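# Working through the structure, step by step
In case you want the letters, here they are:
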Amino acid sequence: YQKITDIESTEQLSPYFGKSYNREDIFTALNQFPNLKYTEYQNFEDLTEEISYSLTQNRVVGWFQGGSEVGPRALGNRSILASPIQSWMTGHINSDIKKREWYRPFAPAVMFEYQSEIFESSVYSPYMLVTTTVKEEWRNKIPAVTHIDNSARHQSVTEQNNPKFYSLINKFYDKTGVPVLLNTSFNGPSEPIVETPLDAIHTFLETNLDILVINNIVIIRE
């Protein structure tokens, strides 16, 4: 294609190619678990306000939105999210939720306009493909996403590439001054990334996640 065509411009490809699930799909799954409590939000901004507050309280959230990501990484549609501010959060998610080695690092999802203030990189990396260094003045502010060698594999999030995820990070930033969330794939031990609402509910119940969000529905244990 490159040989036979004069390429004048390129644009980023959305990775969210998976099937989207509607309200009926969600409730078909949810109705199998009568002991779960849920709240359905008509206004998504109200939902992000509530969930961003929960994140400031160190709750760990299963976040399920729209179509799933193509490829091996969670990019904000099938993600486990947490605050990056407490250093113990790394061990908690590794040991208590994902049941894996304590030293495994987590990615920072960052609002792109603040990225170069926090990391030694201005590279737009929406697919989490670039490893960089966390700037010295930010290492104690986001220790849960700063690896032992001060590196991080960041995800650049914009209002264009993932508006719902961006909105959540922005609300967290308003409350904490930190425009970053810890982002890891939404799966339990020895599982692939969740695909369906039923997958998400099973993983929520089988791990120590505090909250599950599927589209505009927030689910908790009774």
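Bear in mind that the values here come from a model prediction, so they are computed numbers and not experimental data. (Residues numbered from 1 in each chain as written. Predicted model: local features only at pLDDT ≥ 70, side-chain atom pairs only at ≥ 80, totals over all residues. Heavy atoms only, no water.)

## Section: the overall build of the protein
- When helices and strands are counted, the protein shows six helices and nine strands.
- The globule rule puts the C-alpha radius of gyration for 222 residues at 17 Å, and the 17 Å found for the protein is close to it.
- Counting only C-alpha atoms and orienting by the principal axes, one finds that the protein spans roughly 55 × 45 × 35 Å.
- Looking at the protein residue by residue over its 222 residues, the buried ones come to 47%.
- Considering only contacts in the protein between residues 6 or more positions apart, those separated by 24 or more positions represent 66%.
- As displayed, the protein has an accessible area near 11,300 Å², and 47% of this comes from carbon and sulfur atoms.
- Averaging the positions of the 19 positive and the 27 negative side-chain charges in the protein gives two centres separated by 4 Å. (Helix = DSSP H or I, 4+ residues; strand = E, 2+ residues; numbered from the N terminus. Rg over C-alpha atoms; globule rule 2.2 N^0.38 Å. Buried < 20%, exposed > 50% of the residue type's maximum accessible area, 1.4 Å probe, protein only. Contact = heavy atoms within 4.5 Å. Areas by Shrake-Rupley, 256 points an atom, 1.4 Å probe, with all protein chains shown as cover. Lys, Arg positive; Asp, Glu negative; His and termini not counted. Charge placed at Lys NZ, Arg CZ, Asp CG, Glu CD.)

## Here's the deal with helix α5 (residues 163-176)
- Its 14 residues place the ends of α5 20 Å apart at the C-alpha level, agreeing with the 20 Å of an ideal helix rising 1.5 Å per residue.
- Of the residues making up α5, those classed as buried are F165, Y166, L168, I169, K171 and F172.
- Looking at the packing, one finds that the buried side of α5 touches α2 (44-56), β2 (61-64), β3 (78-82), β4 (107-111), β6 (151-157) and β7 (180-185).
- In the segment just after α5, G177 is the residue with positive phi, at about 80°. (Expected span 1.5 Å × (residues − 1).)

## Side note on the packing of α2 against α5
- Put simply, α2 and α5 touch, their axes get as near as 9 Å, and they point 50° apart. With respect to their mutual orientation, α2 and α5 come out oblique. Taken as a pair, α2 and α5 cross one another with a handedness that is right-handed. The segment α2 lies against α5, with F44, E45, T48, E49, I51, S52, Y53, L55 and T56 engaging K164, S167, L168, K171, F172, K175 and T176.
- When its residues are assigned to classes, the contact of α2 with α5 shows six nonpolar, five polar and five charged. (Axes fitted to C-alpha atoms, helices over the stretch in contact; angles between N-to-C directions. Parallel < 35°, antiparallel > 145°, perpendicular 65-115°, else oblique. Left-handed = near helix turned anticlockwise from the far one by under 90°. Nonpolar A, V, L, I, M, F, W, Y, C, P; charged D, E, K, R; others polar.)

## Examining helix α6 (residues 197-206)
- Regarding α6, the residues found buried are P197, A200, I201, T203 and F204. Axial view of α6: buried residues confined to an arc of 165°, hence all on one face.
- Each element contacted by the buried residues of α6 is listed here: α1 (23-30), β1 (36-40), β2, β8 (211-214) and β9 (217-221). (Arc of directions from axis to C-beta.)

## Quick word on the sheet that holds β1
- Strand order in the open sheet formed by nine strands is β1-β9-β8-β2-β3-β7-β4-β6-β5, with mixed pairing between adjacent strands. Either end of the sheet is taken by a strand with one partner, and the two such strands are β1 and β5 (130-133). Between one strand and the next, the sheet's axes are offset by a mean angle of 35°, whatever the strand orientation.
- This element, α5, spans β2, β3, β4, β6 and β7 of the sheet and lies at about 135° to β7. (Pairing = 2+ DSSP bridges.)

## Thoughts on the environment of S20
- Relative to the helices and strands, S20 is located in the segment before α1.
- With a relative accessible area of 48%, S20 lands in the partly exposed category.
- Along the primary structure S20 and V178 are separated by 158 residues, whereas in three dimensions their C-alpha atoms are 30 Å apart.
- Once residues within four sequence positions are removed from consideration, S20 is found in contact with G66 and G67.
- Within the structure, S20 has its side chain in polar contact with the backbone nitrogen of G67 (distance 3.3 Å). (Polar contact = N/O pair within 3.5 Å; in protein donor to acceptor, adjacent residues only side chain to side chain.)

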